[in-house]
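Here's the letter readout for the chains.
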Amino acid sequence: MKKILKPLLFAVVAALALASCSSDDETTTPTVDNSITGIASANADFSILVQALTRAELASTLQADGDFTVFAPTNAAFTSFLSTAGFASINDVPKDALKEILLNHVITGTIKSTDLSTTYIKTMAKGTASATNNLSMFVNTANNAVKLNGVATVKTADIMASNGVIHSVDAVIGLPTLVTHATANPNFSSLVGALTATGQPDFVSILSGTGPFTVFAPDNAAFTALDAELAPTGIAGVSAANLTKVLQYHVVSGNVLAASLTEGQVVPTLQTPQSFTIELTGGAKIKDANGRMSTITATDVQCANGVIHVINKVLLPTL
C-alpha cells in the first residue's frame, strides 16, 4: 500500500505546484492598455495631454470602448498654449473651458491619415453659439501636409489604438471663431481681403466677439464674378463706404442654422434696415435687394461665436 501511496502523493504535490506556478504567472503578467489614454500615458511627449485629460475627466472616456480620432498636442504645443494664455500650468485652466478645448481635438470615428481630405469635419466640442451643432474643424491637406483650423499641423500620424487613432499635432487647437474659419480656408482669401481693406471697420474684432453672428460667406469665385459684373471699374471702383455696406449685408444676428431657413423668409442683416429673401425651391438660394440670386453651397460651419454658410455670389444691398 505504501508503495502505491508514495507515487500518488508525489503526483498530487507536483500537480499542485504546477497549478500554483500557473496561477502566479497569470496574476503577475501585466495588462497592456492599448487605448488612446493608455498609449498617451506611455508616451512621455503626451504627459501634459494626459494631465489635461485627467483634470477634465476625459481620460476614462478615451480609455473606454469606442471609436475616436484624437489630434493630440505634444508637450511643446501645450507649453506654448499655456504661456500665450498666461497660465502657469494645466491646473490653472478653468476646468469647463479645458474640457471643451480638449473635445475640440476629438472626432467621432477612426480617421486615418489616408482618409483625410480638404473639408470640414465635426469635433466633439460645442461653443456657446449653438446647443445642437458641434464645432467645425477645417482640414487642409494641401502641400503634402495636414493643417487643422489653420493653426496646427499633424506631425506623427496613425498611432493606432484599440479604440481609435492618434495623430500628434504641434499646436493646441482653440475653439474657432468666425475669423478663425475665414482665415483658415484659402477659398475665403478674397473675403478676408475685403474685410481687412483700408477704410473698413474693425471687422476682425467684431467677428471675433461674442456674437453670435451668421455669415453668408462668398467664396473666391464669387468675388471674381462680381469683379467682372462691375466692369469696367470692377471691385476697385467700389467706395470704402459702399464696400462696408456690402460686407455688413452678409452678416445676420444670431446662430441661424440651415434647417431653420424657410421659403420666402425675409432675413434682416447688419446693414440696417436692409434684408434679403430665402428661396428653397430647387435648392437653397438667396435673393438680394437687387433681385440677384446666390446659391448656398455649404452650410452650418459652426464656430464658437456663430455659423458660416458658403455662397457662390456676392450679395448686393441697395447702395
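In this text the structure is predicted, and so the values were computed from the model without any measurement.

Scanning the chain from N- to C-terminus turns up 10 helices and 14 strands. Taking 20 Å as the expected radius of gyration for a compact globule of 319 residues, we find that the chain reaches 28 Å, considerably beyond that expectation. Across its three principal axes, the chain shows a C-alpha extent of roughly 115 × 45 × 35 Å. Residue burial in the chain is summarised as follows: out of 319 residues, 44% are buried. A fraction of 64% describes how many contacts in the chain between residues 6 or more apart in sequence connect residues 24 or more apart. For the chain, the accessible surface area stands at approximately 15,700 Å², while carbon and sulfur atoms represent 58% of it. The centroid of the 16 positive side-chain charges in the chain is displaced by 6 Å from the centroid of its 22 negative side-chain charges.

So, about the sheet that holds strand β3 (residues 119-122). Judged by pairing direction, the sheet is mixed, and its seven strands sit side by side in the order β2-β1-β7-β6-β5-β4-β3 without closing on themselves. At either margin of the open sheet sits one strand with a lone partner, and together these are β2 (106-108) and β3. In terms of strand pairing, strand β5 (residues 147-148) meets strand β6 (residues 152-161) through two bridges, oriented antiparallel. By the bridge assignment for β6, leucine 148 is matched with alanine 152.

Let us look at the pattern of salt bridges. All chains considered together, the criterion is met by four salt bridges. Between glutamate 279 and lysine 287 there is a salt bridge, with its nearest N and O atoms 3.7 Å apart. Classification of lysine 287 by relative accessible area gives partly exposed; the value is 32%. One continuous salt-bridge network, built from bridges that share partners, spans Glu229, Asp288 and Arg292.

Let us look at the nonpolar core. Counting residues in hydrophobic clusters, the biggest one holds 31 residues, and the most contacted among them are Phe78, Ile90 and Leu102. At the level of elements, α2 (36-41), α3 (47-55), β1 (68-73), α4 (75-85) and α5 (95-103) are the ones that each hand at least two residues to this core. In terms of residue count, the dominant contributor to this core is α3 (five residues). Leaving out residues up to four positions away in the same chain, phenylalanine 78 has contacts with Ile48, Leu49, Ala52, Pro73, Ile90, Leu102 and Val172.

In this fold, leucine 247 is placed in helix α10 (residues 240-248). Along the chain, leucine 247 and leucine 195 lie 52 residues apart, while their C-alpha atoms are 7.2 Å from each other. Setting aside residues no more than four positions away along its own chain, leucine 247 makes contact with Leu191, Ala194, Leu195, Gln200 and Phe203.

Let's shift gears to unusual backbone geometry. What you tend to see is this: most non-glycine residues have negative phi, and most peptide bonds are trans. For the peptide bond that leads from glycine 211 to proline 212, omega is 0 degrees, which places it in the cis range. In this structure, proline 212 sits in the loop between α8 (203-206) and β8 (213-218). For the bond from alanine 231 to proline 232, the omega torsion is 10 degrees, close enough to zero to count as cis. Note on placement: proline 232 falls in the loop between α9 (220-229) and α10. The phi dihedral of asparagine 149 is positive, around 55 degrees, even though this residue is not glycine. Looking at the element boundaries, asparagine 149 is found in the loop between β5 and β6.

Tallied over the full model, the rule gives three aromatic pairs. Summarising the aromatic geometry, the rings of phenylalanine 216 and phenylalanine 276 are spaced 5.3 Å apart at their centres and angled 85 degrees between planes, so their arrangement reads as edge-to-face. Highlighted residues: phenylalanine 216 in strand β8 and phenylalanine 276 in strand β11 (residues 275-279), separated in sequence by 60 residues. Residue class for phenylalanine 216 comes out buried when judged on its relative accessible area of 1%. With 5.9 Å between their ring centres and 90 degrees between their planes, tyrosine 249 and phenylalanine 276 make a pair best called edge-to-face. Here phenylalanine 276 lies in strand β11 and tyrosine 249 lies in the loop between α10 and β9 (251-253), a separation of 27 residues in the sequence.

An order of β9-β8-β14-β13-β12-β11-β10 is seen for the seven strands of this open sheet, with the pairing classed as mixed. Each edge of the open sheet carries a strand with a single partner, namely β9 and β10 (266-268). Taken pair by pair, the neighbouring strands of this sheet meet at an average axis angle of 35 degrees, ignoring direction.

Interhelical geometry of α3 versus α4 gives an angle of 65 degrees and a closest axis separation of 7 Å. Contact residues: α3 offers Ser47, Ile48, Leu49 and Ala52, while α4 offers Asn75, Phe78 and Thr79. Class assignment for the residues of the contact of α3 with α4 results in four nonpolar, three polar and no charged.

Counted residue by residue, strand β7 (residues 164-169) has six buried out of six residues, so it is predominantly covered. Where burial is concerned, the two faces of β7 agree: the one with Gly164, Ile166 and Ser168 and the one with Val165, His167 and Val169 are both buried. Note: β1 against β7, six bridges, orientation parallel. Of the residues in β7, the one forming a bridge with proline 73 is valine 169.

Conventions and cut-offs
- Residues numbered from 1 in each chain as written.
- Predicted model: local features only at pLDDT ≥ 70, side-chain atom pairs only at ≥ 80, totals over all residues.
- Heavy atoms only, no water.
- Helix = DSSP H or I, 4+ residues; strand = E, 2+ residues; numbered from the N terminus.
- Rg over C-alpha atoms; globule rule 2.2 N^0.38 Å.
- Buried < 20%, exposed > 50% of the residue type's maximum accessible area, 1.4 Å probe, protein only.
- Contact = heavy atoms within 4.5 Å.
- Areas by Shrake-Rupley, 256 points an atom, 1.4 Å probe, with all protein chains shown as cover.
- Lys, Arg positive; Asp, Glu negative; His and termini not counted.
- Charge placed at Lys NZ, Arg CZ, Asp CG, Glu CD.
- Pairing = 2+ DSSP bridges.
- Salt bridge = Lys/Arg side-chain N within 4 Å of Asp/Glu carboxyl O.
- Core = buried A, V, L, I, M, F, W, Y, C linked by side-chain atoms within 4.5 Å.
- Phe/Tyr/Trp six-rings, centres within 6.5 Å; stacked < 30°, edge-to-face > 60°.
- Axes fitted to C-alpha atoms, helices over the stretch in contact; angles between N-to-C directions.
- Nonpolar A, V, L, I, M, F, W, Y, C, P; charged D, E, K, R; others polar.

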